[in-house]
Amino acid sequence: MKQNTALVTGASRGIGRAITRELARRGYAVAINYFRSQGEAEALAAEITAGGGQAAVYGADVANSAAVGEMVARAEAALGPISLLVNNAGIAGQALFQDVDDESWNRFLAVNLTGPRNTIRAVLPGMISRKAGCIVNISSIWGLRGASCEVAYACTKAGIIGLTRSLALELAPSHIRVNCVAPGVIDTEMCRPLGAETLADLAEQTPLGRLGRPEDIAQAVAFLASEDASFLTGQVLTADGGFSV
Ligand code: NAP
């Protein structure tokens, strides 16, 4: 059987690492993208290959389209055509709208929105020529609801939903499905700045009574990528323990 290859951006830590582990467990060869956390990315690749899987590590800032193009070319040469792209890399931060300067605003857009645009543009020629492929983007419930003191972040995550729905329509004739997952509050380093007390409050406000785990999002991504979801495209799967219901 032909092996599937997945590229996961921001796979060195948190949700991306859990997604990568789950995809490797399901038999994908995995291209592990990182930006700063090279050691963590290499440790993940070693863990997957020690378990009999296939993995390789690629450092690239997703905001840099040339670096992304090079990463995709190297990953496809090493692991085969990318059949699944998971746009997970992202940055967050809390500040009043008035306090977000041009540099910070532009970096949010560059990483969280232009990053997925860069990776999608790099994998699309192959997917279109094969008339097959799957893209899963990671949005956020804040992209659906809006978020005080996270305006820049919420804008990029709302943009991801627009990107997902629009590309789903444009790429459907090429049999490429595009969906996204909107996680609620997930227990990773990204949430640490909120502090223990706020995180406990958020867990309490969650109908299922806990914060999400990276593995919860990994299962949602793996489902959207699977044949079980073959009639799903342009969808936003909210995985938040009922928080936004
Ligand atoms: P995290 O623990 O902070 O990890 C972020 C990941 O993104 C890291 O692997 C990091 O890589 C990578 N990254 C950051 N900037 C990058 C860049 N310029 N190029 C390539 N990779 C980059 O965050 P997380 O909680 O796992 O979040 C993962 C995704 O889920 C993000 O898109 C986030 O917005 C979304 N999300 C998270 C939550 C949550 O509550 N945690 C909720 C909703 C949505 P390096 O460490 O190698 O630099």
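This is a predicted model, so every value here is computed, not measured.

Chemist: Quick one: what's the story with the site of the ligand, residue by residue and with numbers?
Modeler: If you check the shell around the ligand, you find 32 residues, and the closest are Arg13, Ser37, Asn88, Tyr153 and Thr188. Protein burial of the ligand: of its 900 Å² of free accessible surface, 96% is covered by the chains. Broken down by secondary-structure element, the contributors of at least two residues to the shell around the ligand are α1 (14-25), β2 (29-34), α4 (102-130) and α6 (151-171). For the shell around the ligand, the class distribution of residues is 15 nonpolar, 11 polar and 6 charged.

Chemist: Give a detailed account of the packing of aromatic side chains, specifying residues and quantitative values.
Modeler: Evaluated as defined, the whole model comprises 2 aromatic pairs. Ring geometry for Phe97 and Trp105: centres 6.2 Å apart, planes at 80°, overall edge-to-face. Between Trp142 and Phe243, the aromatic rings sit 6.0 Å apart at their centres with planes inclined by 85°, giving edge-to-face as the arrangement. Of this pair, Trp142 sits in helix α5 (residues 141-145) while Phe243 sits in the segment after β7 (236-239); the two residues are 101 residues apart in sequence, bridging distant segments of the chain. Both residues of the pair, Trp142 and Phe243, count as buried.

Chemist: Which residues make up the packing of α1 against helix α8 (residues 214-225), and what values go with them?
Modeler: Where α1 meets α8, the axes come as close as 8 Å, and the angle between the chain directions of the two elements is 50°. In terms of orientation, α1 lies oblique with respect to α8. Read as a crossing pair, α1 and α8 show a hand that is right-handed. Together, Gly14, Ile15, Ala18, Ile19, Glu22 and Leu23 of α1 and Pro214, Glu215, Ile217, Ala218, Gln219, Val221 and Ala222 of α8 make up the contact between the two elements. When grouped by side-chain class, the residues that make up the contact of α1 with α8 number 9 nonpolar, 2 polar and 2 charged.

Chemist: Can you lay out the pattern of salt bridges for me, pointing to particular residues and giving the numbers?
Modeler: The full count for this structure, using the stated rule, is 7 salt bridges. Among the salt bridges present, the one from Glu22 reaches Arg26, with a minimum N-O distance of 2.7 Å. Given the relative accessible area of 8%, Glu22 is considered buried. According to the relative accessible area criterion, Arg26 is partly exposed, its value standing at 39%. Ionic pairing is found between Arg192 and Asp187, a salt bridge with its closest N-O pair at 2.9 Å. Given a relative accessible area of 45%, Arg192 falls into the partly exposed group. What you see here is one network of salt bridges that share partners, running through Glu22, Arg25 and Arg26.

Chemist: Which residues make up the state of the cysteines, and what values do they have?
Modeler: Counted by the stated rule, this structure contains 0 disulfides. Note on Cys149: no disulfide assigned, nearest cysteine sulfur contributed by Cys155 at a separation of 13 Å. The class of Cys149 is partly exposed, set by a relative accessible area of 30%. Free of any disulfide, Cys191 has its nearest neighbouring cysteine sulfur in Cys149, separated by 15 Å. With a relative accessible area of 12%, Cys191 lands in the buried category.

Parameters at a glance
Residues numbered from 1 in each chain as written. Predicted model: local features only at pLDDT ≥ 70, side-chain atom pairs only at ≥ 80, totals over all residues. Heavy atoms only, no water. Near = heavy atom within 4 Å. Areas by Shrake-Rupley, 256 points an atom, 1.4 Å probe, with all protein chains shown as cover. Helix = DSSP H or I, 4+ residues; strand = E, 2+ residues; numbered from the N terminus. Nonpolar A, V, L, I, M, F, W, Y, C, P; charged D, E, K, R; others polar. Phe/Tyr/Trp six-rings, centres within 6.5 Å; stacked < 30°, edge-to-face > 60°. Buried < 20%, exposed > 50% of the residue type's maximum accessible area, 1.4 Å probe, protein only. Axes fitted to C-alpha atoms, helices over the stretch in contact; angles between N-to-C directions. Parallel < 35°, antiparallel > 145°, perpendicular 65-115°, else oblique. Left-handed = near helix turned anticlockwise from the far one by under 90°. Contact = heavy atoms within 4.5 Å. Salt bridge = Lys/Arg side-chain N within 4 Å of Asp/Glu carboxyl O. Disulfide = S-S within 2.5 Å.

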